[in-house]
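# Reading the structure
Chain residues, written in single-letter form:
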Number of protein chains: 4
Amino acid sequence: PSFTLSARCLSTKPPPPPAWDRFRYPPKSILIVNKLRTQPVILAIDAFLEHVHATYPGVRVFHEDRPDIPHGAEVWQRGSVSSLSSHPSCVNLLPGERAEKIDLVVTLGGDGTILHASSLFSVGAVPPVLSFSMGTLGFLLPFHIDDFAKALESVYTGKATILDRMRLACTFYNEDLSKKGDDGDAWQVMNEIALHRGSSPHLNTIDIYVDGQHLTEAVSDGLIVSTPTGSTAYSLSAGGPIVHPSLSALVLTPICPRSLSFRPLVFPSSSSITLRIGDRSRAPAGVSMDGRASRILNPGESVTVHASPYPVPCINRSSIAEEDLEVHEGAGPGKEDDWVRDINNLLQYNATFRSKALLRHSRT
Amino acid sequence: PSFTLSARCLSTKPPPPPAWDRFRYPPKSILIVNKLRTQPVILAIDAFLEHVHATYPGVRVFHEDRPDIPHGAEVWQRGSVSSLSSHPSCVNLLPGERAEKIDLVVTLGGDGTILHASSLFSVGAVPPVLSFSMGTLGFLLPFHIDDFAKALESVYTGKATILDRMRLACTFYNEDLSKKGDDGDAWQVMNEIALHRGSSPHLNTIDIYVDGQHLTEAVSDGLIVSTPTGSTAYSLSAGGPIVHPSLSALVLTPICPRSLSFRPLVFPSSSSITLRIGDRSRAPAGVSMDGRASRILNPGESVTVHASPYPVPCINRSSIAEEDLEVHEGAGPGKEDDWVRDINNLLQYNATFRSKALLRHSRT
Amino acid sequence: PSFTLSARCLSTKPPPPPAWDRFRYPPKSILIVNKLRTQPVILAIDAFLEHVHATYPGVRVFHEDRPDIPHGAEVWQRGSVSSLSSHPSCVNLLPGERAEKIDLVVTLGGDGTILHASSLFSVGAVPPVLSFSMGTLGFLLPFHIDDFAKALESVYTGKATILDRMRLACTFYNEDLSKKGDDGDAWQVMNEIALHRGSSPHLNTIDIYVDGQHLTEAVSDGLIVSTPTGSTAYSLSAGGPIVHPSLSALVLTPICPRSLSFRPLVFPSSSSITLRIGDRSRAPAGVSMDGRASRILNPGESVTVHASPYPVPCINRSSIAEEDLEVHEGAGPGKEDDWVRDINNLLQYNATFRSKALLRHSRT
Amino acid sequence: PSFTLSARCLSTKPPPPPAWDRFRYPPKSILIVNKLRTQPVILAIDAFLEHVHATYPGVRVFHEDRPDIPHGAEVWQRGSVSSLSSHPSCVNLLPGERAEKIDLVVTLGGDGTILHASSLFSVGAVPPVLSFSMGTLGFLLPFHIDDFAKALESVYTGKATILDRMRLACTFYNEDLSKKGDDGDAWQVMNEIALHRGSSPHLNTIDIYVDGQHLTEAVSDGLIVSTPTGSTAYSLSAGGPIVHPSLSALVLTPICPRSLSFRPLVFPSSSSITLRIGDRSRAPAGVSMDGRASRILNPGESVTVHASPYPVPCINRSSIAEEDLEVHEGAGPGKEDDWVRDINNLLQYNATFRSKALLRHSRT
Ligand SMILES: NC(=O)C1=CN([C@@H]2O[C@H](COP(=O)(O)OP(=O)(O)OC[C@H]3O[C@@H](n4cnc5c(N)ncnc54)[C@H](O)[C@@H]3O)[C@@H](O)[C@H]2O)C=CC1
Ligand SMILES: NC(=O)C1=CN([C@@H]2O[C@H](COP(=O)(O)OP(=O)(O)OC[C@H]3O[C@@H](n4cnc5c(N)ncnc54)[C@H](O)[C@@H]3O)[C@@H](O)[C@H]2O)C=CC1
Ligand SMILES: NC(=O)C1=CN([C@@H]2O[C@H](COP(=O)(O)OP(=O)(O)OC[C@H]3O[C@@H](n4cnc5c(N)ncnc54)[C@H](O)[C@@H]3O)[C@@H](O)[C@H]2O)C=CC1
Ligand SMILES: NC(=O)C1=CN([C@@H]2O[C@H](COP(=O)(O)OP(=O)(O)OC[C@H]3O[C@@H](n4cnc5c(N)ncnc54)[C@H](O)[C@@H]3O)[C@@H](O)[C@H]2O)C=CC1
């Protein structure tokens, strides 16, 4: 029944959801992103495809060009891969090519799947992203796969709400300050860019500049520049604060600094942070972007990080009305901020000591 | 010579400095704020008064109504003190009264003097603040008292730049959610509001709500809600991150929480945070606002904190051109962000271990 | 049946449990310590008394001199209270008086009840302590009250094992280095001695000396000197490490220090730590011993802390054989180190982020 | 003049310094250890050799077998290298071979030189170590090279005092719990053994066992088991406490754990800690011993760490009388504990915020 409603909505062109106005609406092309190809994922994709074709006729569904294209999906031609192909693990596309035909991204998997989806649009705008977990919770996973019909409906009826998750644009420089590689455009990360000594036995020395001004010289295992989204990822493990994702800010967190007095720093999103490997650094720094090793920076080389103009528009869990959601163990009322739920349920934030009768040696 | 220039500027009405447009310009009334009345402070105030009267004729200079009004200053009638007088340590004024006649606040003393100046305008807008140290550096102290003529000139020639330091508005509620006291308006703090068990031997239990949603129940010595400005004050000591003062954000930092998994949180300035003493809390919570004890919250009572519409407009050190500044030990180039200078010089941020020949057992 | 066995054991004089040789064995006098007097506690004490009188005839049972002496218990005459009576909250007894007649202490209640028991022997040796929880777990609570018969039997059959929990001896000095009060002997704490500014708005300044040598001047809310036992109490909340209670060490943990570079310190138990309120400290320091406010130290006054010769001999949970223990939710095998169980169950140590299917939005 | 005295002392056989009784006294053979071969080091070694030959005739001086044996030193035959030779970066010697002929080790260089000296005796006892800095201070460097004559004299006149710096013995196991390699004996580290994911993008999963009992499963970048000596090295950077080197203890510090509730743990030196790579760990763990990469542990493989019977006997700075020492910038009175001096001078421990006139904008 809701399907008919949805189909109707399609034809009557409901107003786009808030913040959707910068994208084509209603979505005519969907990109499915999955990393794993386990049986549950395959079955879920099949059900999803069937549902889309039946309910939203005319909507095309794409999939990354891999040997295992699901039946009913078209291969997504991402455009010719740019000169960055020297880093084969990094996908890329030339701006202006067919990338723009995607109106909605649907991910199935863990947090890493969304990070991967973000990387598919590493040099330009990202369409709205609808993320489904396969049963485990994650920070970036508002929906359970079983709710896909309702979630899609919220999109096509204009009820979906969007949280723009800030990304960071990273540009790499050679020692002579020329740009590294000829990719021209900056790379976007959703969690963080991390510099780390990796398997080098020695600490590295990194000069930190904020808006061109020298802040300090860090002797450490490495440094993290994180988004608020990434503040619950690697930065958290390194001791950083938890930053609400609706704040626009950059978080700088050191990794095992050789100083007693290093503290995480939070900058406005207007700041530009440059990390330059010290000339006498005893180790180079490996660069990880959203957890993927990308390149090595040698002494004198640097990376400049600032807020990207291209956030990841993530569709919120609260897009589905409370009454429509299955009851989830551990989940609170549907209206609540997903983030509050997540830091409590996933991070076990402030799990208080169980001094009060939580555990008992019971006779009964 | 510069005096003549300044006087001329006054008559020719230069355009107000950036961000000054919401205040009367050029300033016709100055409020001098000092906490201490030591000999150096007295002498400095005298010199300041003499300079103002000679250079900026027509400008009136006021002083808080204390027995020790400096010669040449008028008593500042702050308007009838509101019903908050039950808390004698807190100054207050009724909105609409004579407070608005102040166009510029000049403080002489430490960071605490600016906090005090902020509290003099605890329920409304604060005029631009020009802060002078008496020889020691402080986070909120851009100028040395010896530079007062140049600093004043930068104001009257329209060169002064302003950093709006966010404040927090705090409203207190009884157990039945009626407002505590009939002060009507909220109270503003520049650093933080801190709840603490004080000398009670027991931990208190505080429920934290963010935008009305329950976040967690904190069992701890207390909680701090801080501005970015306050992030280098009490919050820092309690383990909080350092937040750049040009970011608009709220920092929530626990004080000695009885949990392994409490981490500082950073919220957007649109957030509203409510701290409610748990019904079964074993201790009440004393409230400190910018370091001044203000009241006690008992179980069931609460305080709601959100960004105030009335920041403190602080005149930046960079208002004085580099070449005009005396060389200061430890201070970098004048163009630099005051904040970068301060976290390095004052906090000794990232003071690296001296493993490299900084200290030597020297024979010579 | 086991009762007969126990009674027999008493007459055949089994060898004392390990580490019991410095106490009279088998115990002829038991002191019951309880803070609360709730119905469950009253019933438990009655059952305990009945059991002791029936099973271990000749054993006398004592109770603190309070209005509510349980039927069947004698009042414990703790000897004339020494000159410390000026601090009425602190119980004390003159050495050599009737205190030594206690051979076994039995506590019923929470961790605080054991701290209280320790304080009853604040100036000398403590008899072995058998601690029962009333249903909630605590760090210092190896046994559930329902297991009291088995626990007692383990004592009288010589199977009980003892963990000597180190205490700290604290001596207070006036500004002229004369001892404060004429109590002569030092005071013992089991968790920690904490100095705190309490409700004073200002930070205090405390000079720290280790073995007479100046270590540093701390500007902070306060300082904690903790035992390994206390490392999971206040010191943990203030950021201290978790120290295994079988290690002999002193832990120095600052409370909200005004420095980026203060780190908890761990000293050998041979160290003597002196904390002296700085002459120009802006606040005095309230002293808490095991959570009880004891006195105020003013500028110039000091306290010296070192390992006490009188630990608290705590009877271990592993004293009861695995098969004899009721199965307890959350508790591991009986042989395991109580401490490992406790930091996992009570502190939720290393509660990993639930990224792996712990929570699920389930359809079923 | 003191040389004559020293020579006399040699003949009259003064009693050995405290704690020296387990070594041959007076030393008849000295091993010089240096890593760098810069001009100052070469000159210093030459002067040292000349001094020893002139002042302590009959004492032999050895040097590691490298192309650059200093003139006047003999090649140290370290015995046949054991089967560990498969790890060429690790030196080793068969017990019972010529290693025991060294009675005194003299190091010239930084902290790393002492770590290297320790590794030269990685499977057995270490002779007393006299460590000289070349001008920079270090944690393990009590003496300046210019003071070598006085330092040597303190040894030969029996005045030298020794701090036994605990080492950790590490034994590696295959998945089937057979010992890895056939080195038979355990390896000793002076600072720490660190397991780290290195350049693997994924976190590793490590099960921690204490005395055979499962403590927790750590998902992190890695884990450090450190000595008190090492508590100021890598462990400190990872957030660990500072532990006085005269305490016997093991410190377990996680590196960027994916948990909010991981805290450093301190164990008694009687504890045995096993770290086992989880069967489903997504990354292997590289092993670093005192900063040197040694091997990779794959899922199922493990290392067991416990206190070594072979500490490093380090000769203290206080061995030289106060009046005999050159005045060193930043150094306090000679009697003081080297460690207190070091954490203050080298770590800038508790460097207080400079709010009090330390920096001044001065006119003068
Ligand atoms: N020591 C650490 O904590 C490390 C963390 N990472 C993080 O892993 C991320 C890559 O994730 P995967 O590709 O899934 O790698 P992965 O499979 O190795 O998983 C890393 C974990 O981080 C979680 N995660 C990812 N993004 C998150 C976020 N924004 N908030 C909270 N949790 C988040 C994932 O759910 C997963 O549990 C990197 O961006 C980095 O932040 C990477 C290396 C070390
Ligand atoms: N344990 C701690 O760190 C505590 C800190 N405080 C702080 O003291 C403030 C009140 O300051 P005063 O009236 O001067 O009291 P005060 O004379 O007791 O000084 C507190 C110290 O904090 C410094 N300070 C104040 N505001 C600062 C800022 N925004 N950034 C960096 N440093 C700052 C001052 O220069 C002074 O050194 C409170 O707002 C609170 O933040 C108050 C109590 C305890
Ligand atoms: N912010 C904090 O964490 C504070 C902690 N405390 C601690 O409370 C202790 C007094 O305890 P109570 O009389 O029960 O007061 P209380 O009833 O206020 O409880 C304090 C909490 O600490 C727990 N606790 C006590 N000793 C412990 C230990 N050795 N290890 C782990 N948990 C322990 C208790 O079970 C209770 O949950 C003090 O010795 C102090 O260590 C006291 C004040 C503040
Ligand atoms: N992020 C970090 O802090 C890291 C620290 N390290 C440490 O470096 C050590 C190896 O030292 P080097 O061979 O000199 O390598 P290195 O030349 O890379 O220097 C490491 C630094 O640690 C200092 N150091 C070494 N042992 C110390 C101790 N016990 N206390 C205080 N400082 C100490 C050295 O003086 C030097 O400044 C390792 O045992 C490990 O503890 C190694 C890797 C990362």
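Definitions and limits used
- Residues numbered from 1 in each chain as written.
- Chains lettered and ligands numbered in written order.
- Predicted model: local features only at pLDDT ≥ 70, side-chain atom pairs only at ≥ 80, totals over all residues.
- Heavy atoms only, no water.
- Least-squares fit on C-alpha atoms with pLDDT ≥ 70 in both.
- Contact = heavy atoms within 4.5 Å.
- Buried area = accessible area lost by both parts, 1.4 Å probe.
- Salt bridge = Lys/Arg side-chain N within 4 Å of Asp/Glu carboxyl O.
- Polar contact = N/O pair within 3.5 Å; in protein donor to acceptor, adjacent residues only side chain to side chain.
- Helix = DSSP H or I, 4+ residues; strand = E, 2+ residues; numbered from the N terminus.
- Nonpolar A, V, L, I, M, F, W, Y, C, P; charged D, E, K, R; others polar.
- Axes fitted to C-alpha atoms, helices over the stretch in contact; angles between N-to-C directions.
- Parallel < 35°, antiparallel > 145°, perpendicular 65-115°, else oblique.
- Left-handed = near helix turned anticlockwise from the far one by under 90°.
- pLDDT = per-residue confidence, 0-100.
- Pairing = 2+ DSSP bridges.
- Near = heavy atom within 4 Å.
- Buried < 20%, exposed > 50% of the residue type's maximum accessible area, 1.4 Å probe, protein only.
- Expected span 1.5 Å × (residues − 1).

## Considerations on the relation of the copies chain B and chain A
Taken as rigid bodies, chain B and chain A are interconverted by a rotation of 180° and an axial shift of 0.0 Å, the fit giving an RMSD of 0.1 Å. Here the transformation between the copies is reduced to the relation of a two-fold axis. Considering only C-alpha atoms, the part of chain B nearest the rotation axis is Pro 241 of chain B, at 3.2 Å. Of the residues that chain B buries at the interface, 100% are likewise interface residues in chain A, meaning the two copies contact each other through the same surface.

## Details of the interface of chain D and chain A
Across the contact, 20 residues belong to chain D and 20 residues belong to chain A. Taken together, the two surfaces of chain D and chain A that pack against each other cover about 1600 Å², and 56% of this comes from carbon and sulfur. On the chain D side of the interface with chain A, the three residues burying the most area are Ser 237, Cys 256 and Leu 260 of chain D, jointly 34% of the side's total. Across the contact surface, chain D and chain A share zero salt bridges. Remark: the boundary between chain D and chain A carries ten residue pairs in polar contact (both at pLDDT 80 or more). Going through the elements one at a time, helix 5 (234-237) and strand 14 (249-257) of chain D are the ones with two or more residues in the side of chain D that touches chain A. Of the residues assigned to the side of chain D that touches chain A, the class counts are eleven nonpolar, six polar and three charged.

## Regarding the packing of helix 2 (residues 39-55) of chain B against helix 4 (residues 148-156) of chain B
Residue and element names in this part refer to chain B. It is the contact of helix 2 with helix 4, at a shortest axis distance of 11 Å, that shows an interaxial angle of 40°. In this view, helix 2 runs oblique relative to helix 4, as classed from their interaxial angle. Viewed along their axes, helix 2 and helix 4 form a crossing whose handedness is right-handed. Residue-level inspection shows Ala 47, Phe 48, His 51 and Val 52 of helix 2 in contact with helix 4, the latter providing Phe 148, Ala 149 and Leu 152. The residue inventory of the contact of helix 2 with helix 4, partitioned by class, reads six nonpolar, one polar and no charged.

## Re the confidence of the model for chain A
For residues with low pLDDT, the predicted coordinates do not support detailed interpretation. All names here are of chain A. Of the residues in chain A, 81% have a pLDDT of 70 or more, and the chain-wide mean is 84. Below pLDDT 50 for its whole length, residues 1-10 participates in 15 contacts with residues either more than four positions away or in separate chains. Note that pLDDT drops below 50 for residues 327-335; the model gives that stretch 21 contacts with residues more than four away or on any other chain.

## Points about the environment of Leu 297 of chain A
Residue and element names in this part refer to chain A. On the secondary structure map, Leu 297 appears in strand 18 (residues 292-297). Sequence separation between Leu 297 and Pro 284 is 13 residues, and the spatial gap between their C-alpha atoms is 5.8 Å. Not counting residues up to four positions away in its chain, the partners in contact with Leu 297 are Phe 172, Lys 180, Leu 195, Ile 277, Pro 284, Ala 285, Val 287, Ser 302 and Val 303.

## So, the interface of chain B and chain A
How big an interface is tends to be stated in terms of the accessible area lost upon association of its parts. Facing 41 residues of chain B, the contacting portion of chain A comprises 41 residues. Where chain B meets chain A, there are zero salt bridges. At the junction of chain B with chain A, the criterion picks out 26 residue pairs in polar contact (both at pLDDT 80 or more). Secondary-structure elements contributing two or more residues to the side of chain B that touches chain A are strand 12 (213-226), strand 13 (242-243), strand 15 (265-268) and helix 6 (338-345) of chain B. Its residues assigned to classes, the side of chain B that touches chain A shows 22 nonpolar, 14 polar and five charged. With two bridges joining them, strand 15 (residues 265-268) of chain A and strand 13 of chain B adopt parallel strand pairing. Along strand 13 of chain B, the bridge assignment pairs Val 266 of chain A with Val 243 of chain B.

## Considerations on the site of ligand 3
Taken together, 22 residues surround ligand 3, and among them Arg 282 of chain B together with Asp 111, Glu 192, Thr 232 and Ser 237 of chain C come closest. Between ligand 3 and His 202 of chain B, the relevant distance is 2.8 Å, taken from an oxygen atom to a side-chain nitrogen or oxygen of the residue. Between ligand 3 and Asn 191 of chain C there is a distance of 2.9 Å, counted from a nitrogen atom to a side-chain nitrogen or oxygen. Mapped by element, the contributors of at least two residues to the shell around ligand 3 are helix 3 (111-120) and helix 5 (234-237) of chain C. Broken down by element, the shell around ligand 3 gets its largest block of residues, three residues, from helix 3 of chain C. Considered class by class, the residues forming the shell around ligand 3 number seven nonpolar, eight polar and seven charged.

## Concerning the pairing of strand 17 (residues 285-289) of chain B
Residues and elements named next belong to chain B. Where burial is concerned, the two faces of strand 17 differ: the one with Ala 285, Val 287 and Met 289 is buried and the one with Gly 286 and Ser 288 is not. Bridge count for strand 10 (residues 192-196) against strand 17 is four bridges, and the pairing is antiparallel. Its bridge partner lying in strand 17, Leu 195 is registered against Val 287. Taken together, the five bridges between strand 17 and strand 18 (residues 292-297) define a ladder with antiparallel strand orientation. Within strand 18, the position partnered with Ser 288 by the bridge is Ala 293.

## Topic: the pattern of salt bridges
Residue and element names in this part refer to chain D. One pass over the structure, following the stated rule, counts 36 salt bridges over all chains. One salt bridge connects Asp 164 with Arg 22, and the closest N-O pair in it is separated by 2.6 Å. Of the two residues, Asp 164 is situated in strand 7 (residues 162-165) and Arg 22 in the loop between helix 1 (2-12) and strand 1 (29-34); the sequence distance between them amounts to 142 residues. You can call Asp 164 partly exposed: its relative accessible area is 30%. One salt bridge in this structure joins Asp 103 and Arg 24, with 2.9 Å as the shortest N-O distance. Placement of the pair is Asp 103 in the loop between strand 3 (74-75) and strand 4 (104-108) and Arg 24 in the loop between helix 1 and strand 1, with a sequence separation of 79 residues. Look at Asp 103 and you get buried, because its relative accessible area is 3%.

## Concerning the relation of the copies chain D and chain A
Mapping chain D onto chain A leaves a residual RMSD of 0.0 Å; the transformation is a rotation of 180° accompanied by 0.0 Å of translation along its axis. Taken together, the interface assignments show that 100% of the residues at the interface of chain D recur at the interface of chain A, consistent with an identical surface on both copies.

## Considering helix 2 (residues 39-55) of chain A
The end-to-end C-alpha distance of helix 2 of chain A is 24 Å, a good match for the 24 Å that 17 residues give at a rise of 1.5 Å each. Within helix 2 of chain A the residues assigned to the buried category are Val 41, Ile 42, Ala 44, Ile 45, Phe 48, Leu 49, His 51, Val 52 and Thr 55 of chain A.

## Section: the pairing of strand 17 (residues 285-289) of chain C
Counting buried positions over the five residues of strand 17 of chain C gives four, a clear majority of the element. From the end of strand 17 of chain C to the start of strand 18 (residues 292-297) of chain C, which pair antiparallel, there are two residues, and Asp 290 of chain C there has a positive phi angle of about 50°.

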